[in-house]
Amino acid sequence: MKNSFWRLLQPFIILQLIVTIGIVGYMLIEHFSFVEAIYMTTITITTAGFTEVHTLSGPGRMFTVV
């Protein structure tokens, strides 16, 4: 029972880690506000492809690719 719960929880933990890294990365690299960073992370993860908040720099583009 404990092992199956952990296996179910792992994808959610990994997704939360990816979202957190995305938010922090955009805030540090592009100096986006928290809300802008959440928006950019969300459209990147979901591959929605909406308009970027601001034009990305070279390092910002590479971060988005990664």
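Summarised in this report is the structure supplied together with it. Per chain, residue numbering runs from 1 following the sequence as it is written. Given that the model is predicted, a residue must reach a pLDDT of at least 70 before its local features are reported, and side-chain atom pairs must reach 80 or more before they are shown or counted; all residues, however, enter totals for whole chains, interfaces and linings. Side-chain descriptors were evaluated using all non-hydrogen atoms of the structure, hydrogens and water having been removed beforehand.

Here's the deal with the packing of helix 1 (residues 2-29) against helix 3 (residues 58-65)
An axis is simply a line fitted to the C-alpha atoms; with a helix, the fit covers only the stretch in contact. Between two such axes, the angle follows the N-to-C directions and lies from 0 to 180 degrees. By definition, any uninterrupted DSSP run of H or I lasting at least four residues is a helix, any uninterrupted run of E lasting at least two residues is a strand, and each is numbered from the N terminus. At a minimum axis separation of 10 Å, helix 1 and helix 3 run at an interaxial angle of 170 degrees. Taken as axis vectors, helix 1 and helix 3 run roughly antiparallel relative to one another. Here helix 1 contributes I21, G22, G25, Y26 and I29 to the contact with helix 3, which in turn contributes P59, G60, F63 and T64. Counted by class, the contact of helix 1 with helix 3 contains five nonpolar, four polar and no charged residues. Orientation categories follow fixed angle ranges, with anything under 35 degrees roughly parallel, anything over 145 roughly antiparallel, 65 to 115 roughly perpendicular, and all other angles oblique. Should any heavy atoms of two residues lie within 4.5 Å, those residues are considered in contact. Charged residues are taken to be Asp, Glu, Lys and Arg, nonpolar residues to be Ala, Val, Leu, Ile, Met, Phe, Trp, Tyr, Cys and Pro, and polar residues to be all remaining types, Gly included.

Some thoughts on the layout of surface pockets
Think of a 1 Å grid over just the protein atoms. A cavity is a set of points where a 1.4 Å probe fits yet cannot get out, a pocket is an open set with protein on both sides within 12 Å along at least five of seven lines, and lining residues have an atom within 4 Å of a point. Grid points are joined across faces, edges and corners, and a volume is the space filled by probe spheres set on the points. One number sums up the size of the largest pocket: a volume of about 200 Å³. I18, I21, G22, Y26, M40, T41, T44, I45, F63, T64 and V66 are the residues that line the largest pocket. Listing elements by their share of the lining of the largest pocket, those giving two or more residues are helix 1, helix 2 (34-45) and helix 3. When grouped by side-chain class, the residues that make up the lining of the largest pocket number seven nonpolar, four polar and no charged.

Things to note about helix 2
Expected span of a helix, by definition, is 1.5 Å for each gap between consecutive residues, and there is one gap fewer than residues. Over its 12 residues, helix 2 runs 16 Å from end to end, which matches the ideal 16 Å to within 8%, given 1.5 Å per residue. The set of residues buried in helix 2 consists of A37, M40, T41 and I43. Where helix 2 is buried, its residues meet helix 1. Working definition: with a 1.4 Å probe on protein chains only, accessible area under 20% of the residue-type maximum means buried, over 50% means exposed, and in between means partly exposed.

A few points about the nonpolar core
For our purposes a nonpolar core is just a set of buried Ala, Val, Leu, Ile, Met, Phe, Trp, Tyr and Cys residues, chained together by side-chain atoms within 4.5 Å. One finds I23, Y26, F32, A37, M40, I43 and L56 forming the largest nonpolar core, which totals seven residues. If you list the elements that add at least two residues to this core, you get helix 1 and helix 2. Looking at which element gives the most residues to this core, the answer is helix 2, with three residues. Dropping the residues within four chain positions of it, L56 is found in contact with Y26, E30, F32, M40, R61 and T64.

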